[in-house]
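Architecture and fold: a report
Take a look at the letters that make up each chain.
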Amino acid sequence: MITQPRMTSWVFRRVGQGLFGVLTVWCLTNVACPGTSRRPGLDEGSAASTPPPALHQAAGAQPGRPPTPASAGYDVTPRPLDLIEPGTVVGTEAPQGWTHLIIKSQPRVGAGDVNQIAQGTARLAALLYTAILANVEAATAGGPVRHRLKTVAVGMGTRVGDQDMILSPERQRALGADLGFLERAVLSRAHEKLRDVQVVARSDTLTLIDAPNWLQRDGKHVSVILRYAVLVDPDTGKLDTLLWVIDRDEQGGYRGAAGPMEWLPPNKQEDCVLHVDAKEFSLGVPSERAFALNRIPQGRKQVALPDSLKVLAGRMRLSQDMAAQLEQGLREVLKQAAK
């Protein structure tokens, strides 16, 4: 026989599991991390088994020989995205200690079977916002000023007093949030799933980020990857972010890039409307696919993904040369889009 305290705890865990997906900019869901369903090297031609080069050292460089430009300084070993320090206050611009606010997203239930869910569930779905921040630094090193993308990080938070503050389960109370039991459960589960957000390639001027999602298409919630490409101009320090969708198959593999790219504006403030599927609720408890993005974050401009980049843009794993080719191609796309 299941006692009432055990039943209550089970319900809270299930609600937390179903809701953590709506608490981030990508509406993260309980899916495997990118790469766990396929064997790199056999399915995707991955170079992930090769130790990554130092970011400031040309890969394959030998005495008396120049580095190979296409593969210089790329780390293509997937790893979780860095986390923003709890206690950081994020408003409409980059907070102190950071140079850029890439995106700040506040979810809310607003599409689909909205009237068929409890108000408490809708409230929890809007509990946490998500922010992605970047640090660009300049260094002369005895020559012309050059800029590099030092750090990109993600964090989740909520309203604490009159500020939007990044939180962690361990420090939320000390930071003044003092969340209730269910709110703490949702925060803990959502914080765990941030590990599924992967940096799949990075250089001094590029960070490529993959995040699992559910996306609404024709009323159905489908599993996708949202890929963010954060690019920095080494001469000016200007930061640009492109975003596109990668479709997934039933095993979680990557089926390829889909649709146009979104060129996000600086300090993007996203009203993250969530689509509700009432069929994905059992006794009022949502499944992992009960909520989905109604649409991906919208940019200042939609940019077509050239045919020449579609294969690279939709790969699960990239070699160093592939990462370099993709970065060069995306920069050409931005150049054309800016005209």
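Residues numbered from 1 in each chain as written. Predicted model: local features only at pLDDT ≥ 70, side-chain atom pairs only at ≥ 80, totals over all residues. Heavy atoms only, no water.

Description of the overall build of the protein
When helices and strands are tallied, the protein shows five helices and 16 strands. Burial analysis of the protein (339 residues in total) assigns 51% to the buried set. A sequence separation of at least 24 residues applies to 67% of the contacts in the protein between residues at least 6 apart. For the protein, the exposed surface amounts to about 15,700 Å²; the carbon and sulfur share of it is 50%. (Helix = DSSP H or I, 4+ residues; strand = E, 2+ residues; numbered from the N terminus. Buried < 20%, exposed > 50% of the residue type's maximum accessible area, 1.4 Å probe, protein only. Contact = heavy atoms within 4.5 Å. Areas by Shrake-Rupley, 256 points an atom, 1.4 Å probe, with all protein chains shown as cover.)

Quick look at the pairing of strand E12 (residues 268-276)
Counted residue by residue, E12 has seven buried out of nine residues, so it is predominantly covered. Here nine bridges tie strand E3 (residues 100-112) to E12, and the two strands are oriented parallel to one another. Its bridge partner being in E12, Ile 103 is matched across the sheet by Lys 268. Two strands pair when backbone bridges link them, and E12 and strand E15 (residues 291-293) are joined in this way by three bridges, in the antiparallel orientation. When the bridges of E15 are listed, His 275 appears paired with Ala 292. (Pairing = 2+ DSSP bridges.)

Observations concerning the nonpolar core
In this structure, Ile 102, Leu 149, Val 152, Leu 239 and Phe 291 are the most contacted members of the largest nonpolar core, which totals 45 residues. Excluding anything up to four places from it in sequence, Leu 239 contacts His 100, Ile 102, Ala 134, Val 136, Leu 149, Val 230, Leu 231 and Val 232. Core analysis: the next-biggest nonpolar cluster, separate from the first, contains 30 residues, Ala 201, Leu 231, Ala 323 and Ala 324 among them. (Core = buried A, V, L, I, M, F, W, Y, C linked by side-chain atoms within 4.5 Å.)

Quick look at unusual backbone geometry
Backbone geometry places Asp 218, a non-glycine residue, at a positive phi of 55°. Within the secondary structure layout, Asp 218 lies in the loop between strand E8 (206-217) and strand E9 (220-232). On the accessibility criterion, Asp 218 (80% relative accessible area) is exposed. Residue Leu 283 is not a glycine yet carries a positive backbone phi of 55°. Secondary-structure assignment places Leu 283 in the loop between strand E13 (281-282) and strand E14 (285-286).

Describing helix H5 (residues 320-337)
Counted at 1.5 Å a residue, the expected span for H5 with its 18 residues is 26 Å, and the 26 Å between its end C-alpha atoms agrees. Three or more residues of H5 are buried, namely Gln 320, Met 322, Ala 323, Ala 324, Leu 326, Glu 327, Gly 329, Leu 330, Val 333, Leu 334 and Ala 337. (Expected span 1.5 Å × (residues − 1).)

Side note on the side chain of Asp 247
Here Asp 247 shows up in strand E10 (residues 239-248). Looking at Asp 247, the relative accessible area reads 15%, which means it is buried.

Examining helix H3 (residues 181-193)
Counted at 1.5 Å a residue, the expected span for H3 with its 13 residues is 18 Å, and the 19 Å between its end C-alpha atoms agrees. For H3, the set of buried residues is Leu 182, Glu 183, Val 186, Leu 187, Ala 190, His 191 and Lys 193. Summarising the axial view, the buried residues of H3 lie within an arc of 165°, below the 170-degree limit, and thus occupy one face. (Arc of directions from axis to C-beta.)

Comments concerning the environment of Leu 334
Inspection of the secondary structure puts Leu 334 in helix H5. A relative accessible area of 9% places Leu 334 in the buried class.

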